[in-house]
Amino acid sequence: MPAAIHVSRHPLILHNLATLRDVRTEPPEFRRMVRDLAQLLFYEATADLKLTTGTVRTPLAECASQRIAETVGLVPILRAGLGMAEAMLEMLPSAQVWHLGVYRDHETARPVTYYSKLPARPQIDLAVVVDPMLATGGSAVAALDILKKSGVSRAAFVGLIAAPEGVKALQDAHPDVPIYLAALDTNLDEHKYIVPGLGDAGDRQFATG
Ligand code: PRP
Ligand code: URA
């Protein structure tokens, strides 16, 4: 039984998703949507983080408090995952950020890893792999293969839009990894793009289309 797949039905997510998908949305607004959606999904993906209890003094009295006890590593898949990771880092500034460069070969749609900036010995409790698009799943599977080889034992994937093919590939290869999404679309087209999707997430963020 694979870990859960969470496809949010939250109105704020659905509202922003409409703008994100819209072909008329220009890069500045597209980046804002990526950022807002990433923060909303990160909120859901971190719901199980362990807490430590303590006390804090308010201007009026001492009261019980809780703080996050676990170390999180954000793992953006370059380049489209960058905007998401920065937005998450604002919510959890103590997180580590491990950059992984993976692109899809245009002919084969297979992932090509070109950059990896992981610490020699991972010191995190949870790795959160972030990439807006889970299409064939090749890039996410490659990223998680690398993370697990480096010693990561607990991970989650946060994306914006997935195709059923990508979800299946990720669950087959890494059944222990929960998946958090804003939408699960219907299929891939002949170029392995998600339909209806949003087009090319990297090009739309960085105006290179
Ligand atoms: C996109 C996207 C994912 C990958 C998804 O990146 O950001 O990383 O494709 O496809 P897959 O599930 O079939 O592997 P792309 O290769 O276009 O690189 P970019 O972020 O540099 O634009
Ligand atoms: N990468 C994208 O940016 N979009 C897709 O639909 C598939 C892969």
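Please refer to the structure placed before this passage.
Residues numbered from 1 in each chain as written. Chains lettered and ligands numbered in written order. Predicted model: local features only at pLDDT ≥ 70, side-chain atom pairs only at ≥ 80, totals over all residues. Heavy atoms only, no water.

All right, on to unusual backbone geometry then. The linkage connecting leucine 78 with the following residue, arginine 79, adopts the cis geometry, with an omega of 0°. With respect to the helices and strands, the residue arginine 79 is situated in the loop between β4 (72-78) and α3 (82-91). Geometrically, the link from valine 195 to proline 196 is a cis peptide bond, its omega value of 0° lying close to zero. Mapped onto the fold, proline 196 is located in the loop between β15 (194-195) and α6 (201-206). Backbone geometry places lysine 192, a non-glycine residue, at a positive phi of 70°. Here lysine 192 shows up in the loop between β14 (187-188) and β15. For lysine 192, a relative accessible area of 37% translates into the label partly exposed. (Helix = DSSP H or I, 4+ residues; strand = E, 2+ residues; numbered from the N terminus. Buried < 20%, exposed > 50% of the residue type's maximum accessible area, 1.4 Å probe, protein only.)

What follows deals with the site of ligand 2. Neighbouring residues of ligand 2: Arg104, Met133, Ala135, Lys192, Tyr193, Ile194, Gly199, Asp200 and Ala201. Between ligand 2 and alanine 201, the relevant distance is 2.8 Å, taken from an oxygen atom to a main-chain nitrogen or oxygen of the residue. Considering ligand 2 on its own, with 240 Å² of exposed area, one finds that the protein chains cover 89% of that surface. Here the shell around ligand 2 is built from residues that sort into five nonpolar, one polar and three charged. (Near = heavy atom within 4 Å. Polar contact = N/O pair within 3.5 Å; in protein donor to acceptor, adjacent residues only side chain to side chain. Areas by Shrake-Rupley, 256 points an atom, 1.4 Å probe, with all protein chains shown as cover. Nonpolar A, V, L, I, M, F, W, Y, C, P; charged D, E, K, R; others polar.)

What follows deals with the site of ligand 1. Not every one of the 13 residues close to ligand 1 is listed here, only the nearest: Arg104, Asp131, Thr136, Gly137 and Ser139. Protein burial of ligand 1: of its 500 Å² of free accessible surface, 90% is covered by the chains. Split by residue class, the shell around ligand 1 holds six nonpolar, four polar and three charged.

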